[in-house]
Amino acid sequence: MRDRLFIIIAGAVTGLLAVILVMQGNPANMGFCIACFIRDIAGGLGLHRADVVQYLRPEIMGLVIGAFATAMWVKEFKATGGSSPVLRFILGMLMMAGALIFLGCPLRMVLRLAGGDWNALIALPGYVFGVWLGTLFLRRGYTLGRSQDQSTVNGYTGPFIAVILLILLLTTPAFIFFSEAGPGSMQAPLVLTLGAGLVVGILAQRTRLCTMGAIRDLILFKDYQLFLGFAAITVVAFFGNVVTGQFLPGFAEQPVAHIDTLWNFSGMTVVGIAAVLAGGCPMRQLILTGEGQGDALMTVLGMGAGAAFMHNFGMAGSPAGVSPAGQWIVIISLVLLFIIGAGNIKMRSLSQAKTKAKAS
Amino acid sequence: MSELVDCRGLSCPEPVLLTREALQHEASGKITVIVSNAVARDNVSRAAESMGWQVRVEEDGEDFKLHMTK
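Residues numbered from 1 in each chain as written. Chains lettered and ligands numbered in written order. Predicted model: local features only at pLDDT ≥ 70, side-chain atom pairs only at ≥ 80, totals over all residues.

Would you mind going over the overall build of chain B with me for this structure?
Secondary structure summary: chain B contains 2 helices and 4 strands in total. For chain B, the sequential pattern of α-helices and β-strands runs β-α-β-α-β-β. Scaling as 2.2 N^0.38, a compact globule of 70 residues should have a C-alpha radius of gyration of about 11 Å, and chain B matches this with 10 Å. If one aligns the C-alpha atoms of chain B with their principal axes, the spans along those axes are about 30 × 25 × 15 Å. (Helix = DSSP H or I, 4+ residues; strand = E, 2+ residues; numbered from the N terminus. Rg over C-alpha atoms; globule rule 2.2 N^0.38 Å.)

This is the structure:
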């Protein structure tokens, strides 16, 4: 009961902070977007040259550092890694690809919904469908294998990268890119963006908040704990938007969005499958990175690489819609996800887990 | 000596999936699940309790042994 209350509070605070961030300067319906923000960071580092989306987003650094500090405080930090790192990198790329087609990670999807962007109503069933497809692999013994303990240096790497990015943001060296127009040029003040990231990082670490787990656990176990958090984000953001006049319902001309039904749906299907196969939604991957999980960091690095690819080859969605190249990427992503899923089923079984226990 | 299920190092939600499967088929009413992180400890405990089992957590180094009885 106490856990359920806590995750509702965590979701509520996240939704509220998202509304505030937009009011104070973040792009519309984009208080948080893990995919867009990692893409912006990739741009800030010059990994892509789409000059409207280049900015070292402090929300991302805040999430990692907040989770790291919290994990250390409650002694849940543990340096681990080594579970199919290459595949996790690829899954990160595919998660980003799908998100950039829809123009939002699952968190932004619900924030867009809460802002009245009805294109998110198309994307949401696509996401649920993708999560459901992912559970089919899980039920058949899919696993990327066991992670092992790693040296502490491994575990600190993700938080260290976050700190370096923060230093680069603050010192503005000449080789870091800052958008002068477009979404990359829109941000709330640093104290808010970094602060919100830290607060949500802390809350998400404690409550295990995960937009994919919210759907997956309902499907697999009829367990609604994570879903409570997911719903709280949406409901509070909705009321916050209504109260502040930021609720602008419609399909057309929504901010940083397009109306391509098929690709909004299927882009989020890609995200759903990838998130299940990777063991966490984009935000959860950041939190796990803060907890020392090298496997999550591999996924996050893959997301960065995926963002760079998508923009360098003109595959990312835009308010104008989805290019043919982007459409191909969705199809290729689905095929690759199927291969990764199918190629790793039956790698986990109860008999194997019992045998291993006896042997150790 | 209860049945042992090793869930160490597995990603979410695999420890819960294995535990649920084990609990469904365990006739002896005693089983011990080993996990290697706090999230799995919490999720597996909750899953077992929702299936009517009692869970006692024993810390074993950096791992957790969840002793379950029905």
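More follows now that the structure is in view.
Could you clarify how one ought to interpret the overall build of chain A in this entry?
Looking only at helices and strands, one finds 15 helices and 2 strands in chain A. At 19 Å, chain A has a C-alpha radius of gyration in line with the 21 Å of a compact globule built from 360 residues. Dimensions of chain A, computed from C-alpha atoms along their principal axes, come out at roughly 60 × 45 × 40 Å. Here chain A holds 360 residues, and the buried ones make up 59% of them. (Buried ≥ 20, exposed ≤ 12 C-beta atoms within 10 Å, placed from the backbone.)

It is not clear to me how the interface of chain B and chain A should be interpreted in this structure. Could you clarify?
It is common to give the size of an interface as the accessible area that goes away when the parts come together. Every contact between the two is made by 23 residues of chain B and, on the other side, 23 residues of chain A. Within the residue set of the side of chain B that touches chain A, elements represented by two or more residues are β1 (3-6), α1 (14-25) and α2 (38-50) of chain B. Looking at the side of chain B that touches chain A element by element, the count peaks at 6 residues for α1(B). Its residues assigned to classes, the side of chain B that touches chain A shows 14 nonpolar, 3 polar and 6 charged. (Contact = placed C-beta atoms within 7 Å. Nonpolar A, V, L, I, M, F, W, Y, C, P; charged D, E, K, R; others polar.)

Help me out: how do you make sense of helix α6 (residues 119-139) of chain A in this one?
An α-helix turns once every 3.6 residues. As a result, residues three or four positions apart point the same way. The end-to-end C-alpha distance of α6(A) is 31 Å, a good match for the 30 Å that 21 residues give at a rise of 1.5 Å each. Here the buried face of α6(A) lies against α4 (85-102), α5 (106-114), α9 (211-221), α11 (261-278) and α14 (324-342) of chain A together with α1 of chain B. Residue G141(A) follows α6(A) closely and has a positive phi angle near 85 degrees. (Expected span 1.5 Å × (residues − 1).)

Even after reading the chapter, I still don't get unusual backbone geometry, so can you show me in this structure?
Negative phi characterises most residues that are not glycine, and trans characterises most peptide bonds. The amide bond that connects C12(B) to the next residue, P13(B), takes the cis arrangement and shows omega of 0 degrees. The residue P13(B) is located in the loop between β1 and α1 in this model. Of note in the backbone geometry, K75(A) takes a positive phi value of approximately 60 degrees without being a glycine. With respect to the helices and strands, the residue K75(A) is situated in the loop between α3 (58-73) and β1 (80-81). Judged by the 8 C-beta atoms lying within 10 Å of it, K75(A) falls in the exposed class.

Which parts of the structure should I look at to understand the nonpolar core?
Nonpolar side chains in soluble globular proteins tend to end up buried together. Residue and element names in this part refer to chain A. One finds M96 and A274 to be the most contacted residues of the largest nonpolar core, which totals 136 residues. Per element, the largest residue contribution to this core is 13 residues, and it comes from α4. Residue contacts for M96: discarding those within four places in its chain leaves A35, I38, M303, G306, A307 and M310. (Core = buried A, V, L, I, M, F, W, Y, C linked by C-beta atoms within 7 Å.)

What should I look at first to understand the environment of I332(A) in this one?
Inspection of the secondary structure puts I332(A) in helix α14. Through-space distance from the C-alpha of I332(A) to that of L94(A) is 9.3 Å; in sequence the pair is 238 residues apart.

Would you mind showing me how to read the environment of G31(A) here?
All names here are of chain A. Within the secondary structure, G31 sits in the loop between α1 (2-23) and α2 (34-44). Given 34 C-beta atoms within a 10 Å radius, G31 is considered buried. Once residues within four sequence positions are removed from consideration, G31 is found in contact with L17, A18, V19, L21, V22, N26 and L111.

Honestly, α11(A) in this entry has me stumped. Any pointers?
Residue and element names in this part refer to chain A. Between its first and last C-alpha, α11 extends 26 Å over 18 residues, near the 26 Å set by a 1.5 Å rise per residue. Extensive coverage of α11 is indicated by the burial of 16 of its 18 residues. Positive phi appears at G279, one or two residues downstream of α11, with a value of about 80 degrees.

Help me understand the confidence of the model for chain B in this model?
Fine structural detail should not be taken from predicted coordinates in areas where pLDDT scores are low. Mean pLDDT over chain B: 95, with 99% of residues reaching 70 or higher. For this predicted complex, the interface score ipTM comes out at 0.96, alongside a pTM of 0.97. (pLDDT = per-residue confidence, 0-100.)

Even after reading the chapter, I still don't get the pairing of β1(B), so can you show me in this structure?
The side chains of a regular strand alternate, first on one face of the sheet and then on the other. Residue and element names in this part refer to chain B. Relative to strand β2 (residues 30-35), β1 is paired through 4 bridges, and the arrangement is parallel. From the neighbouring strand, L4 faces β2, where its bridge partner is T32. In this region the chain leaves β1, passes through α1 and returns to the parallel neighbour β2; the handedness of that crossover is right-handed. (Pairing = 2+ DSSP bridges. Right-handed = clockwise from strand over helix to strand, strands pointing away.)

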